[in-house]
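Structural description and commentary
Read off the chains here:
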Amino acid sequence: MARLFPAAFLAFSLLLEGGHCGLVNVTDSVFGQIGRGSLAAFGDFNSDKQTDVFIVTDKKNVTILLSGGKKTYFSKYLSFAATDDGIVTSVVPGDYDGDSQMDVLVATTLDNVFQQLTVYWGNQGKTENHTKLEQLFKDEPLVLDFDGDMIPDVLGEIKGEEKSSICFMKNRLVNCVDALQSSGRFAIPHSHAFLDLNRDFTADLFLTNQDGHQVKYDMWYNVNGNFTYGQSLPPPADLKVIGQSAFADFDGDGGQDHLLPGCTDSECHTSVIYLNKPGSQVWTNVSGSFRNRDVEWRFKGMKANESPTGFGLPITLHMGDYNMDGFPDVLVILVNSSDSSRTAFLLENVPCTEPSCSAAGRMLQPLWDLPELTRLPNALVATFFDLYEDGILDVLVMGGDLSLYALHNSFESDAYFVKVIVLSGLCFSSCPTHTQPFGVNQPGPYVQYTSVDANGYQKNASAGQLSQSAHLSLQLPYAVLGLGRSANFIDRLAVGIPRPPGQQERRRQEWTSIIPNSQLIVIPFPNDKPRSWSTKLYLTPSQGLLTGIALLCICIAILIIIGILHWNEKKADDKEKRLEAHRFHFDAM
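Residues numbered from 1 in each chain as written. Predicted model: local features only at pLDDT ≥ 70, side-chain atom pairs only at ≥ 80, totals over all residues. Heavy atoms only, no water.

Observations regarding the sheet that holds strand β29 (residues 379-385)
Here we have 4 strands laid out as an open sheet, ordered β1-β31-β30-β29, and antiparallel in their pairing. The open sheet has two edge strands, β1 (23-25) and β29, and neither has a second partner. This sheet shows a mean twist of 25° between the axes of neighbouring strands, independent of strand direction. Relative to strand β30 (residues 394-399), β29 is paired through 6 bridges, and the arrangement is antiparallel. By the bridge assignment for β30, Thr-383 is matched with Leu-396. (Pairing = 2+ DSSP bridges. Helix = DSSP H or I, 4+ residues; strand = E, 2+ residues; numbered from the N terminus. Axes fitted to C-alpha atoms, helices over the stretch in contact; angles between N-to-C directions.)

Below, the structure is given as C-alpha cells:
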C-alpha cells in the first residue's frame, strides 16, 4: 500500500511529462556586484542549512559568500587576508579542533613548491585567531578522518622527510606523526581520496604514488580501524598524460568506481576517460568522441605560470547527477584544438553505444547543445552546486579573468532525488552555542540507498561525502542521489562513518521508507552507538509545474469516481426501497 499512490501519481504525470533540461544564466541575481574570485570550497559556515561559497580574491584573501541574500543570492560575509607575500592555493572548511564550529584550513605557497598550512579557528561564525603549522608540505594536503574521532586530520608529505605524515589538531594542539609504513612517495599533483572502496561502509585510503616516472594507485583498506595495504593499480598503459582521479557510482551498482581522465599522446590530441571497478585491474574506456562537427576538443591542464589563479590546474572531472536519473554526470573543461579556447562541457552518463565501453554498460556523451554553458568565455573550472537548495544541481563556472558565473538547471522532467548530509555527531543537545552545528564539513561518511524503479527493478546508488580536498576538487558537503522517475519510497538508506583503531564493529545505521524529494540530515550521536543516531527530514517540493497539474487531475479523477459510485449506490437504494414498498402492498391484500 505504501507504493500504491506514488505509482498512480507517477503513471499520470508521465502522460503529461514533456521533459526538458536547459541551463539559464542567473549570474546577476546570484553573484550581483561581488566581482571576481577563484572558487575554492563549499560549506555551511553560519549553520543556517544553506551552503555558502568560499572564494579567493587577489590570490591572497579568503572571502566567504553567504547564501540567501535578499537582493542577490550570495552576499559577502567575511573576508580575511590569508597571506601577505604568497598566494592561496587551497581552502578546506571543517571542524579541526572538535568544538563543532566550522574552521577554515588555508594552504598558501611562495614558490609553487611547498605549502604552508594555516587554520583559522571559527567561533560562532567568526575567525578570531589562527594557528600556523610549522611544517611545510610538498603538496596540497588531503583532509580526512584518520583515527575515526570525527575530527578532520591532514595527510601529506612534509618537507625534508621521505615518508607520509598525519597531523592531528584536536583542542588546537598540532601533532604530526608518521602515517603509513611503506606508503611510497606521493605524486605531485596527487589525487588522494578518503572513501569506502570495498563496500563495508568504512572509509579507506586511495593514494596516488610516484615510482620513478611511473604513477601507481595504492589502496589501503580500513581493517578493524587500522589502514592496511590492499593492492596497487597501474594506470592504463596507453596514457601519456594522466589527470586527476575522480570517484562516483558510475553504473548504479552501489560501489564507488574510479574514473581517470587523460591523453594517449603527450600533446593531448586524443583525450579519453577510463573507468576502473573496485578490486579490478581492468580499465574501460567510457568516453565517447570529443569531436563535434569539424572541431576536435581535448583535455589540457594549465601550469602555474599560465593560470590566472597563480597555481596549476590539472585535468579534473567534477561529478554530479544533473538530471537525477541515478547515474552521475561530469563537468569538464575542454580545449578547442583549432584556437586553443577553453570551454566548459557537460558529459551525460548514458547507456553504452560503443564497443569500447561494453564492459561498463554506460558511457559519457558530450552535450554540445548547451549554449548558456558553452558560450561562457575562456572557462577555467566548472562544478556542480545546488543554488536554491531544491535538490537539483546547478552549475558554477570560473572564467579566465576569474569572473564567476551561475547557471540554473531548469530541469522540468519530474525526476526524484534524496539529499543526504552527515554531520560529525560530536554533540547534539549540548553543543557549545546551543544550536545544532549543521555547518561542519565532515569527510569520510558513506551513503547508499536501495529502491525500486518505475519498472519494478531494484535500484542502488552510493556516494562518499567529501572524499577529496586538494587541487580544486570542489566537492559539495552533501550527497545528492538521483532516483530517476520513480516516486516510490526509498526502501533502505544506509549510512556509515569512519571507525577508530581497534574497533571491529562497523559504525553503520540504516533507515527505511524515506520520502523522495527530501533532505536528510544524519546526526551520528553518539558516534559509537548507531542505534541512537537520529535524523532530521526536510521535504523539498518538486519544481515542475506538471507535478501540480498531475496531482490536481488525480484528485479530480478520484472525486469523479467517488461521485459516480455514490450516485449508483443511491439509485440502487431507491430501487430497492420501491421494490420493498411494492412487495408490502401485495402482501397487505
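Some thoughts on the pattern of salt bridges
Evaluation of the coordinates by the stated rule reveals 17 salt bridges. Two residues, Asp-99 and Arg-172, come together in a salt bridge whose shortest N-O distance is 3.8 Å. Taken as a pair, Asp-99 in the loop between β6 (87-94) and β7 (103-109) and Arg-172 in the loop between β12 (164-168) and β13 (175-178) lie far apart in primary sequence, 73 residues in all. When its relative accessible area of 30% is taken as the criterion, Arg-172 is described as partly exposed. A salt bridge links Glu-296 to Arg-291, with the shortest nitrogen-to-oxygen separation between them at 2.9 Å. For Glu-296, a relative accessible area of 26% corresponds to the partly exposed category. Each of Arg-199, Asp-251, Asp-253, Asp-257 and Lys-277 takes part in salt bridges that share partners, so that together they form one network. (Salt bridge = Lys/Arg side-chain N within 4 Å of Asp/Glu carboxyl O. Buried < 20%, exposed > 50% of the residue type's maximum accessible area, 1.4 Å probe, protein only.)

Things to note about the environment of Phe-114
Here Phe-114 shows up in the loop between β7 and β8 (115-122). Along the primary structure Phe-114 and Leu-136 are separated by 22 residues, whereas in three dimensions their C-alpha atoms are 6.0 Å apart. Setting aside chain neighbours within four positions, we find Phe-114 in contact with Thr-108, Thr-109, Leu-136, Phe-137, Lys-138 and Lys-159. (Contact = heavy atoms within 4.5 Å.)

Digging into the pairing of strand β4 (residues 61-67)
Taken across its 7 residues, β4 has 6 buried, putting it largely inside the fold. Sheet topology note: the strand β3 (residues 52-57)/β4 ladder contains 5 bridges and is antiparallel. Counted as the bridge partner of Phe-54 is Ile-64 from β4. Relative to strand β5 (residues 74-81), β4 runs antiparallel, the two being bridged by 7 bridges. Residue pairing in the sheet places Val-62 in a bridge with Phe-80 of β5.

Describing the confidence of the model for the protein
With 90% of its residues at a pLDDT of 70 or more, the protein has an overall mean of 87. Looking at the elements of the protein, mean pLDDT is at its lowest for helix α1 (residues 4-16), recorded as 39, and at its highest for strand β19 (residues 246-248), recorded as 97. Confidence drops under pLDDT 50 across residues 1-19; counting only partners more than four residues distant or on other chains, this segment forms 35 contacts. (pLDDT = per-residue confidence, 0-100.)

Considerations on the environment of Ala-193
For Ala-193, the position within the fold is in strand β14 (residues 193-195). The buried category is assigned to Ala-193, whose relative accessible area is 0%. Sequence separation between Ala-193 and Phe-247 is 54 residues; the distance between their C-alpha atoms is 8.4 Å. Excluding its chain neighbours within four sequence positions, the residues that come into contact with Ala-193 are Leu-142, Asp-204, Leu-205, Phe-206, Phe-247, Ser-467 and Gln-468.

Points about the packing of aromatic side chains
Scanning the entire structure with this criterion turns up 19 aromatic pairs. Their ring planes at 80° and their centres at 5.4 Å tell us that Phe-201 and Tyr-446 sit as a pair that is edge-to-face. Here Phe-201, found in the loop between β14 and β15 (204-211), pairs with Tyr-446, found in strand β33 (residues 446-452); they are 245 residues apart in sequence, far enough to count as distant. A relative accessible area of 1% places Tyr-446 in the buried class. Pairing Trp-220 with Tyr-229 gives two aromatic rings, centres 5.7 Å apart and planes at 70°, and the pair type is edge-to-face. Put simply, the rings of Phe-31, Phe-42, Tyr-73, Phe-74, Phe-385 and Tyr-388 pair up and form one aromatic cluster. (Phe/Tyr/Trp six-rings, centres within 6.5 Å; stacked < 30°, edge-to-face > 60°.)

Re the state of the cysteines
Within this structure, the stated rule accounts for 3 disulfides. In this model Cys-167 forms its disulfide with Cys-176; the gap between the sulfur atoms is 2.0 Å. Judged by the sign of its S-S torsion, about 105°, the bond between Cys-167 and Cys-176 is right-handed. The disulfide partner of Cys-263 is Cys-268, and the S-S distance across this bridge is 1.9 Å. In this structure, the disulfide formed by Cys-263 and Cys-268 twists by about 85° around the S-S bond and is classed as right-handed. Judged on exposure class, the residue Cys-263 and its partner Cys-268 are both buried. (Disulfide = S-S within 2.5 Å.)

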